[in-house]
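# Architecture and fold: a report
Residue-level listing of the chains:
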Amino acid sequence: MGVPDLVALLDAAPAGLRTLRGEVRRWQDVEAVSRAMRRWNESRHAVYPRGVQAGETPRPGVHELWTRVWYAAPDRWREEEGGVLRLGRDDRRWDGDASAVTERRTPAAGVGHALEPLLFPGALLGAFRFVDVTGTTALGRACLRARTVRRRGHGARHRAAGPVRGLLDHRVTVDAEHGILLRDEALLDGEPVDVTELTALVVDEPLGDDTFRLPAGVAVRTVAEERARQLREAGADPAGVDLDDDSAVAGTLLRARHVAAGPPWGEPGVEDAAAHYVPWDPPPADPAAAEAAIRAAFHAHGATDATGTDLVNVQGGE
């Protein structure tokens, strides 16, 4: 089997999968990932906070997260992560904890944060090329393993991405029957620094309907009730906010949190803001024209090219 077979598998995933249960392990070398981002910033002459540009070494450490997962085709799923509960069935999903959850309607079937990049890895197709496809086994299952090479200049991020994963090449292990990702390793200098993998995997075992029901006694909030709660916790009055308006709620939350944080993040003056960043190059010859161009780009950030596929005022806006 070669690249065409792998592409077909990923594109059709999770073809034929009836049920799945297991654990998703997400592991990250924090210092190495910060180093990768710093390299990328330097390659693009980015402007970023003083401490990063000065080459301060981030604190070493490993971040690891485990999520128990269940899935039954086509639209039932459950994730438990510490005290967090996420659950979906039909056109609804709930997220919260064992005491209270928020109910949301979804336009189409989907899955949770941990399951999505593994069950629906087709977004890899646009962001990467595949090389060195070989047969292997993992978790007792026949698989294909391959390396990915990021397409030059491509702005896409695959669904497992944090801000760095889409910038790195990967080594992936794909189930040869269903096309789901069993292991995805983001590589820096050939070594894995950010890994997502399925463990304790059981496929096509019957799962009872109770698996996808809310625990007894859990309180169910509407989206509006949850947004009002968040606003009150941030110190804002929800009475004056349209709770059905995503941008109005987000803007009010952002302002309230900035004010609560205080300087320099609350209401910094121009001097405070300028001192926080280090210019990469000399200032523009015409500061007024540069400021006007920046303001115009922000106001027109949604402008596209003639094909409608590229945001022309956004770097990497494909």
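Residues numbered from 1 in each chain as written. Predicted model: local features only at pLDDT ≥ 70, side-chain atom pairs only at ≥ 80, totals over all residues. Heavy atoms only, no water.

## Digging into the packing of aromatic side chains
Applying the stated criterion to the full structure yields 0 aromatic pairs. One Lys or Arg, R78, reaches over the ring of W70 and ends 5.9 Å from the middle of that ring. (Phe/Tyr/Trp six-rings, centres within 6.5 Å; stacked < 30°, edge-to-face > 60°. Lys NZ or Arg CZ within 6 Å of the ring centre and 35° of its normal.)

## A closer look at helix α6 (residues 223-233)
Of the residues making up α6, those classed as buried are E226, R227, A228 and L231. Just downstream of α6 lies G235, where phi reads positive at about 90°. (Buried < 20%, exposed > 50% of the residue type's maximum accessible area, 1.4 Å probe, protein only. Helix = DSSP H or I, 4+ residues; strand = E, 2+ residues; numbered from the N terminus.)

## Notes on the side chain of T199
With respect to the secondary-structure elements, T199 resides in strand β11 (residues 191-203). With a relative accessible area of 17%, T199 lands in the buried category. With residues near it in sequence (within four places) discarded, T199 still touches G22, E23 and W66. (Contact = heavy atoms within 4.5 Å.)

## Focus: the environment of L311
Relative to the helices and strands, L311 is located in the segment after α9 (287-299). Remark: the alpha-carbon pair of L311 and H301, spanning 10 residues in sequence, is separated by 7.1 Å. Those residues in contact with L311 that lie beyond four places of it in its chain are H301, G302, A303, T304 and G317.

## Describing the side chain of R93
With respect to the secondary-structure elements, R93 resides in strand β5 (residues 92-97). The charged side chain of R93 is buried without a salt bridge, its nearest counter-charge being D95 at 4.4 Å. Apart from residues lying up to four places away in sequence, R93 is in contact with W77, R86, L87, G88, T102, E103, R104, T106, V111 and H113. (Lys, Arg positive; Asp, Glu negative; His and termini not counted. Salt bridge = Lys/Arg side-chain N within 4 Å of Asp/Glu carboxyl O.)

## Looking at the nonpolar core
With 30 residues, the main nonpolar core has L6, L20, Y71, L115, L119 and L198 as its most contacted residues. If you tally residues by element for this core, the top one is strand β7 (residues 128-138), at 4 residues. Once residues lying within four places of it in the same chain are set aside, the contact partners of Y71 are P14, L17, R18, T19, L20, R76, W77, V111, L115, L119, L207 and F212. (Core = buried A, V, L, I, M, F, W, Y, C linked by side-chain atoms within 4.5 Å.)

## Thoughts on the confidence of the model for the protein
For the protein, the mean per-residue pLDDT works out to 83, and 81% of the residues sit at or above 70. Of all secondary-structure elements in the protein, the lowest mean pLDDT belongs to helix α3 (residues 50-53), at 42, while strand β3 (residues 76-81) reaches the highest, 96. This stretch, residues 48-58, has a pLDDT under 50; its non-local contacts, to residues over four places away or in other chains, come to 22 contacts. With pLDDT under 50 throughout, residues 154-163 is counted as low confidence; its partners more than four residues away or in other chains account for 24 contacts. (pLDDT = per-residue confidence, 0-100.)

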